[in-house]
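For reference, the chains in residue letters:
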Amino acid sequence: MADIRKRGFHTVEAGMVEANVEEMEKKIRLHRKKIAVGIASAVVFVVLSVAAAGLYFAYKEYRRYEVISEIERNDSEATKYENFSGNILRYNNDGAFYADMSDNPIWNQAFEMQNPFADICGNYAAVADMQGNQIYIMHTSGVQGEIVTNKPITAVCMASQGTLAVLTQADGTSYIELFNKNGENLASGEIHVANSGYPLDIALSGDANKLALSILDISKGRTKTTIAFYNFGSAGQTEIDNMVGSYSYDDAIIPEISFVSNDRMIAFGDSQVIFFDGKQSPKQQNVLTFETEIRSIFFEADFFGLVYDKGDADGSHKMNVYDMDGNLKMEQKFTMDYQNIEFLASHEICVRNEYECEIYTLRGVKKFAYKFDDVLYRIFSGGSHNRYTFILNGVMERVKLK
């Protein structure tokens, strides 16, 4: 035992060992708690910082911008620009040109038209000559087909799978024709204006199974619009001329109709918006009625907007945005003397005239306001919250708002 003590070994009471262990465990628990509190505090700080930054950018109004890159343009003043599957389709009397946002060419098609206009659905587009006879069916990969009608064209409507509906008119009779993406005729029919009225617009569902027609009748000293539905699937095979239903509205003009999905269509009147739904024969589901006449209509897949004059001394306009169930999502007053209003790809609303533009979010925030020195033709979203492409006289600018 003496030797053991000399080597520095000694005995320890059991109680002292247990006390030391408990003290050590207590210190470990406190250390872990401090680490957990530190991590939690850091997470909360990051979350709050991100939320604060999100709120800051969500409500910030930009008054200037920085040009990231620019490309000179030699297009004629009559050139029109459309967002076509994330790239730019531009066309005029001499042809159509498809390029990405950096103006790298994808394809082009030469033609001669007096009054070209376009209708786009998904990856397909149709460029037609209003009151002319020529139509080109385009895909993002290139031109698919050409159509030459024997009667003047008054409207076209593209389906997402490549089918095209064409409305023509001659000698008091209107005609509806369906063509596949290669320009081959699929079906045709007549509408006698003297008996039915004057067609205002056509709408074709994305799958091309359903077609709607808005017809204005001003006979007998009154105004009436009828919306007729046609089904080219099995449901319409047993019906005369494939017609599966119609609805008439007295004292109403309904100049624009559109299928927002395969089974849902919306009709925009001068003082009302009508919702239709149904897989085979669309039925009226809801009607929004307004006391003031609607001045402008704009819509996309998820929302639609209406503008009407408030009648205030400052000449202000009121803009309402709704979802596709008719629920009001945003109200906004603005005073710009505008020429165009439209949704951008990011659900933002762009109000513009020849030299000015204002961009609003669905929160009702005026995100951007600017007066340009050159003529402004079009604005496109640029893929992030503050990136855009401006089409101006002689130049295309990719910009960052500041």
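Residue positions are counted from 1 within each chain, in the order its sequence is given. Local features in a predicted model are, by the rule used here, given only for residues with pLDDT of at least 70; side-chain atom pairs are given and counted only at 80 or more, and totals for whole chains, interfaces and linings are based on all residues. Hydrogens and waters are ignored; side-chain quantities use all the structure's heavy atoms.

Asks: Looking at this structure, I do not really get the layout of surface pockets. What am I missing?
Replies: Unfilled space is identified by rolling a water-sized probe across the atoms. In this structure, the second largest pocket spans a volume of roughly 430 Å³. Gly189, Glu190, Ile191, Tyr230 and Asp241 are the residues nearest the centre of the second largest pocket, which is lined by 21 residues in total. By the criteria applied, helices consist of DSSP H or I runs no shorter than four residues and strands consist of E runs no shorter than two, each listed in order from the N terminus. Secondary-structure elements contributing two or more residues to the lining of the second largest pocket are strand 12 (173-179), strand 13 (185-192), strand 15 (210-217), strand 16 (224-231) and strand 17 (243-250). Take the lining of the second largest pocket: its biggest share by element is 6 residues, from strand 13. The pocket and cavity definitions rest on a 1 Å grid over protein atoms only: a 1.4 Å probe that fits but cannot leave marks a cavity, an open set with protein on both sides within 12 Å along at least five of seven lines marks a pocket, and residues lining either have an atom within 4 Å of a point. Grid points are joined across faces, edges and corners, and a volume is the space filled by probe spheres set on the points.

Asks: Looking at this model, I keep getting lost on the sheet that holds strand 2 (residues 80-84). Mind explaining?
Replies: In sheet architecture, strand pairing relies on hydrogen bonds along the backbone and comes in two forms, parallel and antiparallel. Within the open sheet, the 4 strands sit side by side as 2-3-4-5. Their pairing is antiparallel. With one partner strand each, in any of the chains shown, strand 2 and strand 5 (105-110) form the two edges of the open sheet. For this sheet the average axis-to-axis angle between neighbouring strands, irrespective of direction, equals 15°. A pair of strands is treated as paired once DSSP finds two or more bridges between them. Only the stretch in contact is used when fitting a helix axis, every axis being a line fitted to C-alpha atoms; angles between N-to-C directions are given from 0 to 180 degrees.

Asks: Honestly, the pattern of salt bridges in this entry has me stumped. Any pointers?
Replies: Two side chains carrying opposite charge are able to pair once their charged atoms lie near each other. Only one rule defines a salt bridge in this text: a Lys or Arg side-chain nitrogen within 4 Å of an Asp or Glu carboxyl oxygen. Under the counting rule described, the total for this entry stands at 17 salt bridges. A salt bridge links Arg73 to Asp75; the nearest nitrogen and oxygen atoms lie 3.2 Å apart. Working definition: with a 1.4 Å probe on protein chains only, accessible area under 20% of the residue-type maximum means buried, over 50% means exposed, and in between means partly exposed. Judged by its relative accessible area of 25%, Asp75 falls in the partly exposed class. Among the ionic pairs, Asp75 bridges to Arg90, the shortest N-O distance being 3.2 Å. Of this pair, Asp75 sits in the loop between strand 1 (65-72) and strand 2 while Arg90 sits in strand 3 (residues 87-92), and the two are 15 residues apart along the sequence. Through salt bridges with shared partners, one network takes in Arg73, Asp75, Arg90 and Asp103.

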